[in-house]
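# Observations on the model geometry
What follows is each chain in one-letter form.
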Amino acid sequence: MSTLEEQIDLGVPMDTAWDCLHRVETYPRFLGGVREARPAGEHGAHLDVDAGGLAQELEAQISDRGKENVMEWQTTSGPDLAGTFSLLPIDREHTRLQARIEYDPGAVTEAFGGPKGFAQATAIERLVRSDLEQFKELVEQGR
């Protein structure tokens, strides 16, 4: 498994960012390649994804460590992906979002195509960075 960690500072209180992370239907607005997302059961999400021209349907299980302000997710169908979103207060009006993504490079290449090795890691890093920037824009505009 490979691990990628990124972070971004948001100009919103922690509870605002927490609420936005949990609105599954907004995922297409900030997650690259997600065409549609909807809740699936009490703690799940169904995602219709377009990655590299390949249509995929993914199911993910979402759990919270609410006292720690951590949201964990794990795919239950499709490529083996997992991650966490951790929120840390900077002050009353600013929050740091830390994203940690765990993935099997071979499974990602097999499921979605694309580059291998260092080029794949760089592409995933750019995608996650872009997703965080889009989330920042969404959450700050929604204030």
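Quick note: structure is the one above.
Quantities reported herein were computed from a predicted structural model and do not represent experimental measurements.

### Here we look at the overall build of the protein chain
If you tally the helices and strands in the protein chain, you get three helices and seven strands. When the helices and strands of the protein chain are placed in sequence order, the string is β-α-β-β-β-β-β-β-α-α. For the protein chain, the residues scored as buried account for 39% of the 143 residues in total. Contacts spanning at least 24 positions in sequence make up 47% of the contacts within the protein chain whose residues lie at least 6 apart. As displayed, the protein chain offers around 7,900 Å² of accessible surface, 49% of which is attributable to carbon and sulfur atoms.

### Quick look at the sheet that holds strand E1 (residues 2-10)
Within a sheet, neighbouring strands are paired by backbone hydrogen bonds and run either parallel or antiparallel to one another. Strand order in this open sheet of seven strands is E1-E7-E6-E5-E4-E3-E2, and the pairing throughout is antiparallel. The open sheet has two free edges, formed respectively by E1 and strand E2 (34-39), since each of these has just one partner strand. Shown here is a sheet whose adjacent strand axes are inclined to one another by a mean of 20 degrees, direction ignored. In terms of strand pairing, E1 meets strand E7 (residues 94-103) through nine bridges, oriented antiparallel. Paired with Ser2 across the two strands is Tyr103, which belongs to E7. Across the sheet, helix H1 (residues 14-21) touches E1, strand E4 (54-65), strand E5 (70-75), strand E6 (81-91) and E7, and the angle it forms with E6 is around 160 degrees.

### Topic: the environment of Asn69
Within the secondary structure layout, Asn69 lies in the loop between E4 and E5. With 55 residues separating them along the chain, Asn69 and Met14 place their C-alpha atoms 8.6 Å apart. In this structure Asn69 touches Met14, Trp18, Phe85, Ser86 and Leu87, once residues within four positions along its chain are discounted.

### A look at the nonpolar core
Grouped together as the largest cluster of nonpolar side chains are 34 residues, with contacts concentrated most on Leu10, Tyr27, Leu47, Leu97 and Phe135. Once residues lying within four places of it in the same chain are set aside, the contact partners of Leu10 are Ala17, Glu93, His94, Thr95, Leu97, Phe135, Lys136, Val139 and Glu140.

### Observations concerning the pattern of salt bridges
According to the stated counting rule, one finds 10 salt bridges in the structure shown. A salt bridge links Glu6 to Arg129, with the nearest nitrogen and oxygen atoms 2.8 Å apart. You can see Glu6 sitting in strand E1 and its partner Arg129 sitting in helix H3 (residues 117-141), a full 123 residues away along the chain. A residue is classified by how much of its surface remains accessible, and Arg129, at 27% relative accessible area, is partly exposed. A salt bridge links Glu140 to Lys136; the nearest nitrogen and oxygen atoms lie 3.0 Å apart.

Thresholds, definitions, all that
Residues numbered from 1 in each chain as written. Predicted model: local features only at pLDDT ≥ 70, side-chain atom pairs only at ≥ 80, totals over all residues. Heavy atoms only, no water. Helix = DSSP H or I, 4+ residues; strand = E, 2+ residues; numbered from the N terminus. Buried < 20%, exposed > 50% of the residue type's maximum accessible area, 1.4 Å probe, protein only. Contact = heavy atoms within 4.5 Å. Areas by Shrake-Rupley, 256 points an atom, 1.4 Å probe, with all protein chains shown as cover. Pairing = 2+ DSSP bridges. Axes fitted to C-alpha atoms, helices over the stretch in contact; angles between N-to-C directions. Core = buried A, V, L, I, M, F, W, Y, C linked by side-chain atoms within 4.5 Å. Salt bridge = Lys/Arg side-chain N within 4 Å of Asp/Glu carboxyl O.

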